[in-house]
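The residues making up each chain are set out below.
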Amino acid sequence: MVLHKKTVSLVALFLLLLVISSNYVLYHSSFGLQSLPGNFNGVVVGSILDLSLVAPLLFLAWQRKFSLKYFIVLMATGLIAARFIIPSEYLASFQSVMWLGAGIEGLLILFELSLLFMLVKNVPPILRRIKSSSLPLLFSFSRAVNEKFSKQPFIHVLCSEMLMFYYAFGTWKKQPSTEENTFTLYKRSSFITFQIMIIHAIVIETLGLHWLLHNTSIILSIVSLILNIYSIIFFIGDIQALRLNPLRVEEDRIYISFGLAKRMEISFKDIEEIIEDTHILKQKIPSTTIEFIARDFETVHPDLLLTLKSPVEATLFMGIKKKYQQVAIRVDDPHAFKKIVEERLEKNKQNM
């Protein structure tokens, strides 16, 4: 079933790229222009439908996320994209349709700006909630935001970006927790060294590519520069978040995160069993399992696998939520970690 869903997703992505690229080639290549009939209005209508209806549906199929609001946003985006893909001389008869897309996008932007205003207005109570919490910042911040904006994806994406900038620029004087119930996840690997190597590669690539593109396309060089700067900030923030947020075992639950990429709160009452069998741990990890494993150049395996009674939600990059049935964990002190988890799990079972 999982394989079938992945196949459908990949086919949808292939068709999406095919629709976009074929429409671009149609209007921006000598072969495509020669193929256009004398009365090209029918072809233009087909392209508009491709970009505003077919492409959004394929995008939703690829992401496996169906929402009416999301579909309307994608339709408006498709109409705006049509203005750039289809030459203006061919769109003379369809200006009202093009402005419709811009109007919908404008209304959505105004709506998102109103949410941004609400977020700014609620910053003081959110900060007070964080300061009064004993949880790691990644979790206390998420809880405080959820209390105010539980069903606003835009706010969660924005808050995810705020965390990235905070960890990248505002945490250099902070030290990781050294409490007995905390466990680091990266010291048995070269993961942070690998991340630093990637940052160096991006810096070198930025200098070379920016100089190369600046002589051919200023817009492309600026876009590339912005994306690369964003990537560098993300990797720096990710390293700091990983260092400053070790796995924490409380009396009734585990707080575990892996940098900015993913985090999860696991209650002991939701754990079905702890798998420590080496043979099972060395098998391929299925897609229903979330990994908290620092990987570098070597093949590594989890120290234990937590099987949950029912799927538990995890928060991924950009505030995306997804549920998992199992949790694969690798820590720097596996013996102490296994001991404390087994003790807390047994204690919670006795109290139930």
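So, here's what we can say about the structure. (Residues numbered from 1 in each chain as written. Predicted model: local features only at pLDDT ≥ 70, side-chain atom pairs only at ≥ 80, totals over all residues. Heavy atoms only, no water.)

**Thoughts on the pairing of strand β4 (residues 262–267)**
And then number 1: As paired strands, strand β3 (residues 253–258) and β4 are joined by six bridges and run antiparallel to one another. What sits directly across from S257, in β4, is R263.
And then number 2: What sits between the antiparallel neighbours β3 and β4 is a turn of three residues, in which G259 has the positive phi angle 60 degrees.
And then number 3: Sheet analysis places β4 next to strand β7 (residues 304–316), joined by three bridges and oriented antiparallel. Each residue of the ladder has a partner; that of K262, found in β7, is L316. (Pairing = 2+ DSSP bridges. Helix = DSSP H or I, 4+ residues; strand = E, 2+ residues; numbered from the N terminus.)

**Examining the packing of aromatic side chains**
And then number 1: Inspection of the entire model under this criterion finds eight aromatic pairs.
And then number 2: Ring geometry for F139 versus Y255: centroids 5.1 Å apart, planes at 65 degrees, classification edge-to-face. Placement of the pair is F139 in helix α7 (residues 137–148) and Y255 in strand β3, with a sequence separation of 116 residues.
And then number 3: Here F183 and F337 contribute two aromatic rings whose centre-to-centre distance is 5.3 Å and whose plane-to-plane angle is 70 degrees, an arrangement assigned as edge-to-face. In this pair, F183 sits in strand β1 (residues 182–183) while F337 sits in helix α12 (residues 334–351), placing the two residues 154 residues apart along the sequence.
And then number 4: Judged by its relative accessible area of 6%, F183 is buried.
And then number 5: Linked through ring pairs, F234, F235 and F317 together constitute an aromatic cluster. (Phe/Tyr/Trp six-rings, centres within 6.5 Å; stacked < 30°, edge-to-face > 60°. Buried < 20%, exposed > 50% of the residue type's maximum accessible area, 1.4 Å probe, protein only.)

**Comments concerning the pattern of salt bridges**
Side chains that carry opposite charge are capable of pairing whenever their charged atoms lie near each other.
And then number 1: Tallied over the entire structure, the rule returns 10 salt bridges.
And then number 2: A salt bridge links R143 to E265; the nearest nitrogen and oxygen atoms lie 2.7 Å apart. Of this pair, R143 sits in helix α7 while E265 sits in strand β4; the two residues are 122 residues apart in sequence, bridging distant segments of the chain.
And then number 3: Residue class for R143 comes out partly exposed when judged on its relative accessible area of 33%.
And then number 4: With its nearest N and O atoms 3.9 Å apart, the salt bridge here joins E179 to R248. A residue pair is termed long-range when its members are at least 10 positions apart, and E179 in the loop between α8 (153–169) and β1 and R248 in strand β2 (residues 247–249) qualify at 69 residues.
And then number 5: In this structure R248 comes out as buried when scored by relative accessible area, which is 12%. (Salt bridge = Lys/Arg side-chain N within 4 Å of Asp/Glu carboxyl O.)

**Considering the nonpolar core**
And then number 1: Among the nonpolar cores identified, the biggest contains 59 residues, and L247 and M264 are the most heavily contacted of them.
And then number 2: No other element matches the eight residues that helix α10 (residues 218–244) contributes to this core.
And then number 3: In this structure M264 touches F139, I254, Y255, I256, I290, F292, L308, V312, E313, A314, Y324 and V327, once residues within four positions along its chain are discounted.
And then number 4: Residues I48, I85, Y90 and L91 belong to the second largest nonpolar core, which totals 10 residues. (Core = buried A, V, L, I, M, F, W, Y, C linked by side-chain atoms within 4.5 Å. Contact = heavy atoms within 4.5 Å.)

**Some remarks on the packing of α8 against α10**
And then number 1: Packing of α8 against α10 leaves a shortest axis separation of 7 Å and a crossing angle of 75 degrees. In terms of axis orientation, α8 runs roughly perpendicular to α10. Where α8 approaches α10, its residues E161, M164, F165, Y167, A168 and F169 are matched on the opposing element by Y230, I233, F234, I236, G237, Q240, A241 and L244.
And then number 2: Among the residues forming the contact of α8 with α10, the class breakdown is 11 nonpolar, two polar and one charged. (Axes fitted to C-alpha atoms, helices over the stretch in contact; angles between N-to-C directions. Parallel < 35°, antiparallel > 145°, perpendicular 65-115°, else oblique. Nonpolar A, V, L, I, M, F, W, Y, C, P; charged D, E, K, R; others polar.)

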